[in-house]
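Residues per chain are reported as follows:
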Amino acid sequence: MGLVAVSKLKSYASVNNLQHHNSLTGKKHEEIKKTAHVVEVESPFTKGIKYSDFLKSLTNGKKPKSNAIRGIDVFMSASPGSIDGNVKEFARDCYQWLCKTFGKECLYSMEIHTHENSPHIHAIICPSVNNSLNASYYLDGKAKMKAHQDSFHEAVKHYGLDRGISKELTGR
């Protein structure tokens, strides 16, 4: 099964904490990093640009409203064993899906983790639309979330991955 999950990041601290996890940096991740394999895709993060500066560049320096969502966490994965030998291709397809869905200019970071049973990808998106923060443009409502699930499945189904069962059918 192919999976994409998205969540809102409400503060710079939550973006920074997630980036530490995604890139396995900081004391908390030292032991994991010894055995883990993380591939970082070239991005503003790998170029040393702080997220707050990246956000300012996309919003022409406008200060975000206090309740504005600062970022979007995107997690993409596949069932264990389903993409063995195709991790690079899967990552490429996920990258293309991210760029098509959120815009390449909004992609702050993308890391591929291969240290668990199932390779998975973490990405952080700046929800900028027309030089303003607007997470609801991407995430507002069940229809948009379902559309993300559907379009992600279309992007990775050639690996033999099934689409998860929709909430309408499971009642969950």
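Here, every reference points to the structure presented above.
Before going into details, it helps to say that this report is about the structure given with it.

Criteria and thresholds
Residues numbered from 1 in each chain as written. Predicted model: local features only at pLDDT ≥ 70, side-chain atom pairs only at ≥ 80, totals over all residues. Heavy atoms only, no water. Core = buried A, V, L, I, M, F, W, Y, C linked by side-chain atoms within 4.5 Å. Buried < 20%, exposed > 50% of the residue type's maximum accessible area, 1.4 Å probe, protein only. Helix = DSSP H or I, 4+ residues; strand = E, 2+ residues; numbered from the N terminus. Contact = heavy atoms within 4.5 Å. Salt bridge = Lys/Arg side-chain N within 4 Å of Asp/Glu carboxyl O. 1 Å grid on protein atoms, 1.4 Å probe; cavity = no way out; pocket = protein on both sides within 12 Å on 5 of 7 lines; lining within 4 Å. Points joined across faces, edges and corners; volume = space filled by probe spheres on them. Nonpolar A, V, L, I, M, F, W, Y, C, P; charged D, E, K, R; others polar. Arc of directions from axis to C-beta.

The next subject is the nonpolar core. Residues Val 74, Met 76, Phe 90, Leu 98 and Phe 102 are the most contacted members of the largest nonpolar core, which totals 37 residues. In terms of residue count, helix H4 (residues 87–102) provides more of this core than any other element does, six residues in total. If we ignore the near neighbours within four places in the chain, the residues touching Val 74 are Val 4, Ala 5, Val 6, Trp 97, Leu 98, Phe 102, Ile 121, His 122, Ala 123 and Ile 125.

Scanning the model with the defined rule gives four salt bridges in all. Two residues, Asp 93 and Arg 92, come together in a salt bridge whose shortest N-O distance is 3.1 Å. Looking at Asp 93, the relative accessible area reads 7%, which means it is buried. Arg 92 gets classed as partly exposed once you look at its relative accessible area, which sits at 42%. Two residues, Lys 157 and Glu 154, come together in a salt bridge whose shortest N-O distance is 3.0 Å. Judged by relative accessible area, Lys 157 falls into the partly exposed class, the value being 40%.

Computed from the structure, the second largest pocket encloses a volume of approximately 300 Å³. Lining the second largest pocket are 17 residues, and of these Lys 65, Ala 68, Ser 132, Leu 133 and Asn 134 lie nearest its centre. Per-class residue counts for the lining of the second largest pocket are six nonpolar, six polar and five charged.

Those residues of helix H3 (residues 51–58) that fall on the buried side of the exposure criterion are Tyr 51, Phe 54, Leu 55 and Leu 58. When H3 is viewed along its axis, its buried side chains cluster within an angular range of 100° and face the same direction. Here the buried face of H3 lies against helix H1 (12–22), strand S3 (71–78), strand S4 (107–113), strand S5 (120–125), strand S6 (128–129) and strand S7 (132–133). Positioned one or two residues after H3, Asn 60 has a phi angle of 55°, which is positive.

The quantities given are spatial measurements derived from coordinates; they are silent on function.
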